[in-house]
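# Notes for the structure review
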Amino acid sequence: SMSTDLVIFLGVPCSAVSFFLTFIVTSFYTPKHATFVVTSSLVLSVASIILICLLLCTMFPFWYTILSSFTMVAVTVYYVMILWKFIPFAATNLAMSIKGISSNCGIYFIAIVFSTFPFIWTFFTLYVANGSLNSEKMIKPCEEDDPDCAVQYKSGGSEVILWGILLLSLISLYWTCTVMSVSFN
């Protein structure tokens, strides 16, 4: 199908490029410039939270949005100020850990394989949720040649069952991804 071809056409090269780019950056650039990497990540965390808060205040110009945005920026700046004195320590740890990881390239492969499991599980959960939405027990099916037909829920409490299935699917997705994340770390 068209979507499968698109995923193969774009997904495989993008995965290969991201793997090699990550390998090159972590093997050659980051160990030599670890202090810059740690410092820039702290500065960019402040810049990104400021940008997010500005967008929130622009989209929702209420007093509590402005107050909560100011609080988030203040907490982030305070956090960065506390961590600033630990930059040399973090940079040394980063450089040493990357040298250790780069000496064993199989770690990159294992990380990529294990990081795809939650991604695949998310698609599987979305597939099941879509199947729940489109099951004949939940909706009145439309004829393909009827342009005015809209999907309608059957009466009799099916909406509650449908939302229950979707809620349980979401909880299952969260729980499974959390367990996989903790297990792989």
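### Observations regarding the layout of surface pockets
Reported here for the largest pocket is a volume of approximately 240 Å³. Around the largest pocket sit V7, G11, V12, S15, F119 and F123, which together line it. Elements that contribute at least two residues to the lining of the largest pocket include exactly α1 (2–32) and α5 (106–133). Ranked by residues supplied to the lining of the largest pocket, first place goes to α1 with four residues. Of the residues in the lining of the largest pocket, the class split is four nonpolar, two polar and no charged. As for the second largest pocket, its lining consists of S15, S18, F19, T22, Y108, A111 and I112.

### Some remarks on the packing of aromatic side chains
Across all of its chains, the model carries three aromatic pairs by this definition. Residues F62 and Y64 carry aromatic rings whose centres are separated by 5.4 Å and whose planes lie at 15° to one another, so their mutual orientation is stacked. On the basis of relative accessible area, Y64 is assigned to the partly exposed category, the value being 46%. Ring centres of W121 and F124 lie 5.2 Å apart, and the angle between their planes is 45°; on these two criteria the pair is classed as tilted. Of this pair, W121 and F124 both sit in helix α5, three residues apart, which is roughly one turn of that helix. On the basis of relative accessible area, W121 is assigned to the partly exposed category, the value being 31%. On the accessibility criterion, F124 (43% relative accessible area) is partly exposed. Here the aromatic cluster, defined as three or more aromatic residues joined through ring pairs, consists of F62, W63 and Y64.

About the thresholds
- Residues numbered from 1 in each chain as written.
- Predicted model: local features only at pLDDT ≥ 70, side-chain atom pairs only at ≥ 80, totals over all residues.
- Heavy atoms only, no water.
- 1 Å grid on protein atoms, 1.4 Å probe; cavity = no way out; pocket = protein on both sides within 12 Å on 5 of 7 lines; lining within 4 Å.
- Points joined across faces, edges and corners; volume = space filled by probe spheres on them.
- Helix = DSSP H or I, 4+ residues; strand = E, 2+ residues; numbered from the N terminus.
- Nonpolar A, V, L, I, M, F, W, Y, C, P; charged D, E, K, R; others polar.
- Phe/Tyr/Trp six-rings, centres within 6.5 Å; stacked < 30°, edge-to-face > 60°.
- Buried < 20%, exposed > 50% of the residue type's maximum accessible area, 1.4 Å probe, protein only.

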